[in-house]
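Read off the chains here:
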Amino acid sequence: MPARPTRAGRAARLLDRGRPLTYLLLVILAAYALGPIVVMVFSALKTPAELSTNPMGLPADAAWDNFTTAWQSANMATGLANSAVIVACTAVGVCLISGAAAYAMVRLDVPAPGAITMYLLVVTSLPIQLFLVPLLSWWTRLGLYDTQFGLILIYWAIYSPFATLLLRSYLIAIPPDYEAAARMDGAGELTVFFRIVLPLIWPGLLTAGLVAGLQAYNEFLLAVTFLQDSEALPVSIALYSFQQGFTVNHALVAAAGLIMLLPMLAVFLVMQRRFVSGYASTGMAN
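Here the structure is a predicted model, which means the values were calculated and not measured. In this numbering scheme, every chain counts its residues from 1 along its sequence in written order. Thresholds applied to this predicted model are a pLDDT of at least 70 for local features of residues and 80 or more for the giving and counting of side-chain atom pairs; totals over whole chains, interfaces and linings are not thresholded and use all residues. Each side-chain value is derived from all of the structure's non-hydrogen atoms; neither hydrogens nor water enter the calculation.

1. Points about the overall build of the chain
Next, step 1: Think of it this way: any DSSP run of H or I at least four residues long counts as a helix, any run of E at least two long counts as a strand, and we number them from the N terminus. Helix and strand counts for the chain stand at twelve helices and two strands.
Next, step 2: Along its sequence from the N terminus, the chain presents helices and strands in the succession α-α-α-α-α-α-α-α-α-α-α-β-β-α.
Next, step 3: Summary of the burial criterion: residues with accessible area below 20% of their type's maximum are buried, those above 50% are exposed, and those between are partly exposed, where the area comes from a 1.4 Å probe applied to protein chains only. Out of the 286 residues belonging to the chain, those deemed buried represent 36%.
Next, step 4: Of the contacts formed within the chain by residues at least 6 apart in sequence, a portion of 72% connects residues at least 24 apart.
Next, step 5: Here, Shrake-Rupley sampling with a 1.4 Å probe gives the accessible areas, and only protein chains in the shown set may cover a residue. Counting every atom, the chain has about 16,900 Å² of accessible surface; 69% of that belongs to carbon and sulfur. Here, two residues are considered to be in contact whenever any of their heavy atoms come within 4.5 Å of each other.

This is how it looks when you write it as C-alpha cells:
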C-alpha cells in the first residue's frame, strides 16, 4: 500500500505546479518595468523628425550625437556635480537627524512618544506645495534663498520624518543590552549613540540615506523654486534646457534623462542587497 504524501510533500508539489505561473508573472512585471526604459533609449537615438513619425519603433539610424548635444547644451557636468553635493549632504543629514530622533523616541524618556509618532505620520502625508509661499518668504529674509544649503535644509525637513519612523521600527527590534553595558562603563548618551547605536542600525541608516538621496536627486519643484543661479542648479533642472518657446526637443530630453538615470542606477545596483535587507529588517511595524 503506497504511503500517503506528507504535508511537506503536498506543499512541494503545489510549488512545482505554480512555478511556471510565477515565472510568467515575473516576466510580465519585468517587461512592465523595462518597457518605458527601452522606449526612452529608442527615443534618445532618434532625430526629432523621426521621433514624431515613429515614436515607439526602433531608430532607423542611431543618432548618438544626441547624448553629446544634451551633455553640452544642458551643462550636465556642472549639474551632476551639484547634485552629488546636494544628495550627499541630504543623505548624511537625514541619517543623523532621523537616527538621533529615533533613538530619543525609543530609548530616552521623551514625553508623549505616541503623539510624536502621530505627528511624524501626519507631516509625511502633507504636500510640500502647502508651504512654498511661507518658505519662500522666510528663506528670502534669512538669506537662504538661491543657496544650495537652503535647499538642503528643506530636504532635511521633508525627508527626515519618514526616515525617523523607519529607524524607530529598526531600533525597537534591537535589545538595549549593549547600551546598558556602555552606560555601566560610564559612557554618556552621545557616546552611546555614536559608538554603540549607529553601528547597530547601520543597515537601516543605509536604507534611509539611500531613499532620501534618491528623492533629493529626482526632486524638481523645490530645486527650480529655491535655486536661480545656473552654476548651483542640480541635474534634475537640466531637462528645462531643451524647451524652446512652446516646443520641446524630446529626443534630447530622453538622452539627458538617460544620462541622469545612470549614476543612481549604478548606485542602486551596487547597494541593492543592503537596501532590500535594510528595508525588510525595518519593517515599518510596531
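2. Quick word on the packing of helix 5 (residues 113-125) against helix 7 (residues 148-172)
Packed helix pairs are specified by the crossing angle of their axes together with the interaxial distance, meaning the distance between the axes.
Next, step 1: Remark: helix 5 packs on helix 7, axes separated minimally by 8 Å, with the N-to-C direction vectors making an angle of 135°. Taken together, the axes of helix 5 and helix 7 lie oblique to each other. Where helix 5 crosses over helix 7, the handedness of that crossing is left-handed. When helix 5 is examined against helix 7, the residues Thr117, Leu120, Leu121, Val123 and Thr124 are found in contact with a partner set consisting of Pro161, Phe162, Thr164, Leu165 and Arg168.
Next, step 2: Taken together, the residues of the contact of helix 5 with helix 7 sort by class into six nonpolar, three polar and one charged. For every element, the axis is a line fit to its C-alpha atoms; helices are fit only across the contacting stretch, and the angle between N-to-C directions ranges from 0 to 180 degrees. Here the word oblique covers every angle except those under 35 degrees (roughly parallel), over 145 (roughly antiparallel) and from 65 to 115 (roughly perpendicular). By definition, any crossing whose near helix is turned counterclockwise from its far helix by less than a right angle is left-handed, and any crossing with a clockwise turn is right-handed. When residues are grouped by polarity, Ala, Val, Leu, Ile, Met, Phe, Trp, Tyr, Cys and Pro land in nonpolar, Asp, Glu, Lys and Arg in charged, and all others, Gly among them, in polar.

3. Points about the nonpolar core
Next, step 1: We define a nonpolar core as any set of buried Ala, Val, Leu, Ile, Met, Phe, Trp, Tyr and Cys residues linked to one another through side-chain atoms lying within 4.5 Å. Membership of the largest hydrophobic core comes to 42 residues, with the highest contact counts inside it found for Met76, Leu151, Tyr155, Tyr217, Leu222, Phe226 and Val235.
Next, step 2: Elements that contribute at least two residues to this core include exactly helix 4 (76-107), helix 6 (132-142), helix 7, helix 10 (202-218), helix 11 (221-226) and helix 12 (250-282).
Next, step 3: In terms of residues, this core owes the most to one element, helix 12, which gives eight residues.
Next, step 4: Beyond its immediate stretch of four places on either side in the chain, Leu151 contacts Ile86, Trp139, Leu222, Ala223 and Leu227.
Next, step 5: Core analysis: the second largest hydrophobic core is formed by 14 residues, Leu167, Tyr170, Val192 and Ile201 among them.

4. Some thoughts on the packing of aromatic side chains
Next, step 1: Note on aromatic pairs: the rings of Phe, Tyr and Trp (six-membered ring only in Trp) are paired at centre separations within 6.5 Å, and the planes decide the class, stacked below 30 degrees, edge-to-face beyond 60, tilted for the rest. Scanning all chains against the criterion turns up four aromatic pairs.
Next, step 2: Counted as over-ring charges are cases with an Arg CZ or a Lys NZ within 6 Å of the ring centre that also lie within 35 degrees of the ring normal. The ring centre of Trp138 lies 5.8 Å from the NZ or CZ of Arg141, which sits over that ring.

5. Side note on helix 7
Next, step 1: For helix 7, built from 25 residues, the straight-helix expectation of 36 Å at 1.5 Å per residue is met to within 8% by its first-to-last C-alpha distance of 35 Å.
Next, step 2: The axis of helix 7 is deflected most strongly, by about 40°, at Ser160, and proline Pro161 appears within four residues downstream.
Next, step 3: In terms of residue burial, helix 7 counts as a mostly covered element, since 18 of its 25 residues are buried. By this rule the span expected of a helix is its residue count minus one, scaled by 1.5 Å. In this analysis the local bend is the angle between axes fitted, respectively, to the seven residues ending at and the seven residues starting at the residue.

6. Focus: the confidence of the model for the chain
Should the pLDDT be low somewhere, the predicted coordinates at that spot are not to be read in detail.
Next, step 1: The predictor rates its confidence in each residue with pLDDT, a number between 0 and 100. Overall, the predicted model of the chain reaches an average pLDDT of 83, with 87% of residues at or above 70.
Next, step 2: Within the chain, the lowest mean pLDDT, 64, falls on strand 1 (residues 243-244), and the highest, 92, falls on helix 6.

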